[in-house]
Amino acid sequence: MASFGWKRKIGEKVSKATSQQFEAEAADEKDLADEDDANWVHATKRRKEVLLEDCVKRSKELKEEGANLAENRRYREAIHKWDEALQLTPEDATLYEMKSQVLMSLHEMFPAVHAAEMALQRNPRSWDAWQTLGRAQLGLGEIALAIRSFQMSLHIFPMNPEVWKEDLSWARKLHEQQKATKTEAVQALANEKQLAQESIPDYDFESDEIVAVCAAIAEKEKALPAAKTVVIVSASGTVETVTEKENCPATPDETLFIRAR
């Protein structure tokens, strides 16, 4: 029976020249594979760039379409176009700012404030977004917040006459009127409270006048005779009124009279 021994390693009897040729071919194949990988990465990157360029281009087209619709007062359609554009370029602050303006035209102030805030999250240096936010806040009656927003807009773009002459001036005027109204309301409330206190006299129930009046009433009650009146009807039908006094409790004979109280 033949015994089994260890198998020899593959390539043990391969010549040196053949081995070198094999290594060279393997190196060439590795280079080709690396080159293919690089080409694939480059192609993928380029494909993403092209896709991004297409998204930006389409978003710009949708933005312009929405602007044309807004100019023609077709506000809902404009918002729809800009929402589509935001799906392609969600970091475009101008889309949110334009959307906020249109929402204010629709008198939807809460969504308008939210859209302006979204614009500022993406571009805090946008002076027009701060201006739009201030106008939306005025629509909600948040005058102090609106003044701050207008001041931020001017801090970024100090030479904007519209914010100076219209927005900020109007907001400050409203703020002064609001303060004056609050002051008048507080003063009116204080006057009403003071008048209510004055209309109720402050009686001193231990004064000499009150004591004298109480004493006079007590004396008058004592002077009244303690009497009781009884109506008596006789057997013959005669009606008689008799006053019973404490010191004279006697009454006619009860066999002849019937009392009717």
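Quantities reported herein were computed from a predicted structural model and do not represent experimental measurements. Every chain is numbered independently, its residues counted from 1 as its sequence is written. Side-chain atom pairs in this predicted model are given and counted only at pLDDT of 80 or more, local residue features only at pLDDT of at least 70, and totals for whole chains, interfaces and linings cover all residues. As a convention, hydrogens and water are excluded, and side-chain values are obtained from all of the structure's heavy atoms.

Brief notes about the side chain of Asn160
The following threshold applies: Secondary structure is summarised from DSSP: a helix means a run of H or I of at least four residues, a strand means a run of E of at least two, and numbering begins at the N terminus for each. Classification of residues uses two cut-offs on accessible area relative to the type maximum, computed with a 1.4 Å probe and protein chains only: under 20% is buried, over 50% is exposed, and between them is partly exposed. By definition in these notes, contact holds between two residues if any of their heavy atoms fall within 4.5 Å.
Within the secondary structure layout, Asn160 lies in the loop between α6 (143–156) and α7 (161–199). Exposure remark for Asn160: the relative accessible area of 5% places this residue in the buried category. Non-local contacts of Asn160, meaning those with residues more than four positions away in its chain, are made with Trp127, Gln131 and Leu154.

Thoughts on helix α2 (residues 75–88)
Stated formally: By this rule the span expected of a helix is its residue count minus one, scaled by 1.5 Å. An arc is given here, and it is the one of the directions from the helix axis to the C-beta atoms.
In this model α2 runs 20 Å from its N-terminal to its C-terminal C-alpha over 14 residues, within 8% of the 20 Å that 1.5 Å per residue would give. Taken as a whole, α2 has its buried residues at Tyr75, Ala78, Ile79, Trp82, Ala85 and Leu86. Around the axis of α2, the buried residues are gathered within 120 degrees of arc, so they sit on the same side.

Remarks on the environment of Val113
Examined against the element boundaries, Val113 turns out to sit in helix α4 (residues 109–122). We classify Val113 as buried; its relative accessible area is 11%. Separated by 20 residues in the primary sequence, Val113 and Leu133 place their C-alpha atoms 5.8 Å from one another. Not counting chain neighbours up to four residues away, the residues in contact with Val113 comprise Leu133, Ala136, Gln137 and Leu140.

Notes on the UniProt feature "repeat: TPR" (unreviewed entry) in the protein chain
Applied cut-off: UniProt positions are given in the numbering used here, feature names are shortened, and annotations may be inferred rather than shown by experiment.
Cross-referencing UniProt, the feature "repeat: TPR" (unreviewed entry) maps to residues 59–92 and 127–160 in the present numbering. What you have in residues 59–92 is 79% helix and 0% strand, and the ends, taken at the C-alpha atoms, are 9 Å apart. As a span, residues 127–160 carries 79% helix and 0% strand, and end to end its C-alpha atoms are 9 Å apart.

Examining the nonpolar core
Stated formally: Joining through side-chain atoms within 4.5 Å is the link that ties buried Ala, Val, Leu, Ile, Met, Phe, Trp, Tyr and Cys residues into a set, and such a set is a nonpolar core.
By size, the foremost hydrophobic cluster in this structure holds 29 residues, and its most contacted members are Trp82, Val102 and Leu133. Where this core is concerned, the elements lending two or more residues are α1 (16–71), α2, α3 (93–105), α4 and α5 (127–139). Counting residues per element, this core draws most heavily on α4, which supplies 8 residues. Not counting chain neighbours up to four residues away, the residues in contact with Leu133 comprise Val113, Ala116, Glu117, Leu120 and Ser149.

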